[in-house]
Every structure is written in C-alpha cells, then in structure tokens.
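# Reading the structure
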Amino acid sequence: MKIAIIGSSTGGPHILEEVFTGFPVVPIVIIIIQHLPEAFTKTFRGHIADITGMETVIAEEGLRLSEGRIIIAPAGRHLVLEQNRMIHLDDGPKLHGVKPSIDRTMLSLQHVEGDRLLGIELTGMGQDGAAGISHIRSLGGYTIVQDPATAPIRSMPQAALDTGQVREVMTPREITKALVKFGSGHLN
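Right, let's walk through the structure included here. (Residues numbered from 1 in each chain as written. Predicted model: local features only at pLDDT ≥ 70, side-chain atom pairs only at ≥ 80, totals over all residues. Heavy atoms only, no water.)

### Comments concerning the pattern of salt bridges
Under the criterion given, the structure shown has four salt bridges. Where Glu-55 meets Arg-69, a salt bridge forms, and the shortest distance between an N and an O atom there is 3.4 Å. Within this pair, whereas Glu-55 is found in strand E3 (residues 55–58), its partner Arg-69 is found in strand E4 (residues 69–72), the two being separated by 14 residues in sequence. Arg-69 sits in the buried class, given a relative accessible area of 14%. A salt bridge links Asp-115 to Arg-85; its shortest N-O distance comes to 2.7 Å. Taken together, the residues span a long stretch of sequence, with Asp-115 in the loop between helix H3 (102–106) and strand E7 (116–121) and Arg-85 in the loop between strand E5 (78–82) and strand E6 (86–90) at a distance of 30 residues. Taking relative accessible area as the criterion, Asp-115 reaches 14% and is therefore assigned buried. (Salt bridge = Lys/Arg side-chain N within 4 Å of Asp/Glu carboxyl O. Helix = DSSP H or I, 4+ residues; strand = E, 2+ residues; numbered from the N terminus. Buried < 20%, exposed > 50% of the residue type's maximum accessible area, 1.4 Å probe, protein only.)

### Considering the sheet that holds strand E8 (residues 142–146)
Here seven strands make up an open sheet; going across it, the order is E3-E4-E2-E1-E7-E8-E9 and the pairing parallel. Unpaired on one side and paired on the other, E3 and strand E9 (168–170) mark the two borders of the sheet. Sheet twist, expressed as the average angle between the axes of neighbouring strands with direction ignored, equals 20 degrees. As defined by bridge partners, strand E2 (residues 29–34) adjoins E4 across four bridges and the pair is classed as parallel. Across the sheet, the residue bridging to Ile-32 is Ile-72, located in E4. Contacts from helix H1 (residues 12–20) reach strand E1 (2–8), E2, E4 and E8 within the one sheet, and its direction differs from that of E2 by about 160 degrees. (Pairing = 2+ DSSP bridges. Axes fitted to C-alpha atoms, helices over the stretch in contact; angles between N-to-C directions. Contact = heavy atoms within 4.5 Å.)

### Regarding the nonpolar core
Counting residues in each nonpolar core, the largest one holds 28 residues, and the members touching the most others are Phe-20, Ile-30, Leu-118, Ile-144 and Leu-179. Elements with a minimum of two residues in this core: E1, H1, E2, helix H2 (41–51), E4, E7, E8 and helix H6 (172–183). Discounting residues that sit within four places of it in the chain, Leu-118 has contacts with Ile-3, Ala-4, Ile-5, Ile-136, Tyr-142, Ile-144, Leu-179, Phe-182 and Leu-187. (Core = buried A, V, L, I, M, F, W, Y, C linked by side-chain atoms within 4.5 Å.)

### Some points on the packing of H1 against H6
Following both chains from N to C, one finds H1 and H6 inclined at 50 degrees, their axes separated by 8 Å at the closest point. The angle between the axes of H1 and H6 places the two elements in the oblique class. Our pair here, H1 against H6, has a crossing hand that is right-handed. Judged by residue contacts, Ile-15, Glu-18, Val-19 and Phe-20 of H1 engage Pro-172, Arg-173, Ile-175, Thr-176 and Leu-179 from H6. In terms of residue class, the contact of H1 with H6 is made up of six nonpolar, one polar and two charged. (Parallel < 35°, antiparallel > 145°, perpendicular 65-115°, else oblique. Left-handed = near helix turned anticlockwise from the far one by under 90°. Nonpolar A, V, L, I, M, F, W, Y, C, P; charged D, E, K, R; others polar.)

### Digging into unusual backbone geometry
Geometrically, the link from Lys-99 to Pro-100 is a cis peptide bond, its omega value of 15 degrees lying close to zero. Its place among the elements puts Pro-100 in the loop between E6 and H3. A positive phi angle, near 60 degrees, is found at Asn-84, a position not held by glycine. Residue placement: Asn-84 occurs in the loop between E5 and E6.

### Points about the packing of H1 against H2
It is at 9 Å that the axes of H1 and H2 come closest, and there the two elements cross at 20 degrees. Relative to H2, the element H1 is oriented roughly parallel. H1 and H2 meet at a crossing whose hand is right-handed. Every residue of H2 that contacts H1 at Pro-13, Leu-16, Glu-17 and Phe-20 is listed here: Phe-44, His-47, Ile-48 and Ile-51. Looking at side-chain class alone, the contact of H1 with H2 contains six nonpolar, one polar and one charged residues.

Rendered as structure tokens:
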C-alpha cells in the first residue's frame with residue numbers, strides 16, 4: 001500500500017487548497033493532519049472534496065485504509081495507524097500543544113513489507129512533524145518539506161528541514177506533482 005501523510009498547521013488550509021485543486025484520483029492513501037478547531041473539520045473536508053477527484057472522508061475509529069482516498073484527521077483526537085492498515089482515534093494528551101498531532105500519526109507508521117511511505121510537512125508554527133519526518137525516513141520512506149519561502153509560517157517546515165532527514169524541498173504545486181508521481185511508483 002502507498003501511504004502519504006501530510007502535516008500542516010497555521011496557513012495550511014490555503015496551501016492544501018493549492019496542492020489539491022484539480023488533483024486526480026491516484027492509487028494512494030493520503031492522510032491529512034491539519035491543526036483545526038473542531039467546528040471547521042466538516043467544512044474543511046467538504047472543501048477538499050470539492051476541489052479533488054479523490055474520495056475525501058473524516059477519519060473514524062476502525063476505518064480501514066484504502067487507496068484512492070483522502071482521510072482527514074478529526075479535530076481534538078490523535079489519528080494513530082495500526083499496522084499501517086487501520087485507524088485508531090486516541091484521546092490522549094496534546095503533543096506539542098496540539099491534537100491531532102502530526103508526529104503522533106507519523107510515528108505510528110511501521111515497517112510493513114511492500115508498503116511505500118511518503119511524509120510531507122507544510123506550513124505551521126512549532127515543530128510538530130519534525131520527529132515524524134525523521135521516523136518516515138528511517139523506515140525507508142520519502143520525505144518532502146514545503147519550501148519555507150512559500151510557507152505563511154515557516155517554523156514547522158524549517159524544524160523538519162533541520163532534522164537532516166528531508167529528501168526534497170518543494171513548492172505546493174511541486175508537491176502536487178510529487179504525490180501523483182508517488183501514486184504511479186515513480187518517486188523513489
């Protein structure tokens with residue numbers, strides 16, 4: 001299975017709109033961890049669904065991953081992957097002052113034979129996602145960070161870059177192309 005996890009915070013909805021406008025259906029699972037107030041999760045899901053051809057859902061307890069789908073983490077709960085195949089929603093304490101935490105999701109990934117992993121860190125404040133990017137790279141996954149020069153808030157992408165575990169730095173539109181390449185097996 002091809003699994004891409006995208007983490008973003010402040011300024012993220014606008015950048016995700018840029019990434020997913022006109023996005024085709026590709027054979028990957030995309031999990032979006034966006035720091036959002038609870039009242040905006042459904043609106044955010046609807047907006048992403050309107051601009052892409054991919055089926056877009058809000059994660060629920062026990063949801064099984066399937067390629068060709070975008071899964072959005074619900075506000076106020078951590079999204080944890082079990083054996084890279086099923087979602088568990090965790091009510092544990094905030095991590096880095098946020099819930100859902102990008103790190104919590106990325107760090108739950110495991111090495112599963114045949115899986116291909118992609119970690120993407122977008123705009124935001126703080127360092128959530130930096131440890132997760134390092135973890136994905138340690139599993140042999142591909143790691144991308146939004147070019148801090150194109151990020152409304154640069155500290156999250158910069159913290160990920162500072163780990164030394166980022167393969168590529170890209171603009172939002174380049175990230176779109178990388179996701180499509182990942183789906184076709186040409187990003188490695």
